[in-house]
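Chain by chain, the residues:
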Amino acid sequence: MTVAVETGVWQLDAAASTVALRHKTMWGLVTVKGTFGGVGGRGEVSADGSAAGTITLDAASLDTKHKKRDEHLRSADFFDVTNHPEITFAVRDAQVRSGDTVEVSGQLTVRGVSRPQSVTARLVDAGAGALTLETEFTVDRAEFGLVWNQMGMMRGPATVTATLRFVRSAA
């Protein structure tokens, strides 16, 4: 059974949404985890059931619970938040497939570099006034110019985990 989502404009509920990342470091021995505190977005569901929209992250809001590391992640070695304050995922198409599976395709932009990104999300809750999507996917940070890697300590992709709650917009 496929879940139907109401047509119209949906606004991201930042207080009920989380976007986090994790990456292995120290030659795979330590996993660094962080959460973006500044999350925003909106989307629109069309009459044919497809959806499009944008998720925006405040790059400077990444919190790994380690002040010195967070400052380094904000620097030009990584996210370069002075020149690129936002990370965006522009959803070009999202389609509910069988059951609660949602196939999402779009453009991920980090440090001013845009790359196609496809993810599979799960619709964990859908009602007339709100819906929640959960997803987990990997990103090769080198594709976005995040190549700093002192002594080869950082290997492999970063994993992004998101729980996104949308509420139906009145306008």
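Quick look at the structure, then. (Residues numbered from 1 in each chain as written. Predicted model: local features only at pLDDT ≥ 70, side-chain atom pairs only at ≥ 80, totals over all residues. Heavy atoms only, no water.)

**Focus on the pairing of strand β1 (residues 8-12)**
Part 1: Note: β1 against strand β4 (residues 39-45), 4 bridges, orientation antiparallel. Within the sheet, the bridge partner assigned to Gln 11 lies in β4 and is Arg 42.
Part 2: Of the pairings in the sheet, the one linking β1 to strand β11 (residues 158-168) comprises 3 bridges and is antiparallel in character. If you follow Trp 10 over to β11, its bridge partner there is Arg 168. (Pairing = 2+ DSSP bridges. Helix = DSSP H or I, 4+ residues; strand = E, 2+ residues; numbered from the N terminus.)

**Thoughts on the nonpolar core**
Part 1: If you look at the biggest cluster of nonpolar residues, it comprises 37 residues, and the most contacted ones within it are Val 19, Phe 36, Phe 79, Ile 87 and Phe 166.
Part 2: Apart from the residues lying within four places of it in its own chain, the contact partners of Val 19 are Gly 34, Thr 35, Phe 36, Val 39, Leu 57, Val 160, Thr 161, Ala 162 and Leu 164. (Core = buried A, V, L, I, M, F, W, Y, C linked by side-chain atoms within 4.5 Å. Buried < 20%, exposed > 50% of the residue type's maximum accessible area, 1.4 Å probe, protein only. Contact = heavy atoms within 4.5 Å.)

**Structural notes on the pattern of salt bridges**
Part 1: Enumeration according to the criterion identifies 5 salt bridges in this entry.
Part 2: When the shortest N-O distance is used, the salt bridge between Arg 22 and Glu 136 registers 3.3 Å. One end of the pair, Arg 22, is in strand β2 (residues 18-25); the other, Glu 136, is in strand β10 (residues 130-139), with 114 residues separating them in the sequence.
Part 3: Judged by its relative accessible area of 47%, Glu 136 falls in the partly exposed class.
Part 4: For Arg 165, the salt bridge is made with Asp 125, and the minimal N-O distance between the two is 2.7 Å. Of this pair, Arg 165 sits in strand β11 while Asp 125 sits in strand β9 (residues 113-126), and the two are 40 residues apart along the sequence.
Part 5: Judged by its relative accessible area of 22%, Arg 165 falls in the partly exposed class.
Part 6: Here the salt bridges share partners, and the residues they tie into one network are Asp 100, Arg 122 and Glu 134. (Salt bridge = Lys/Arg side-chain N within 4 Å of Asp/Glu carboxyl O.)

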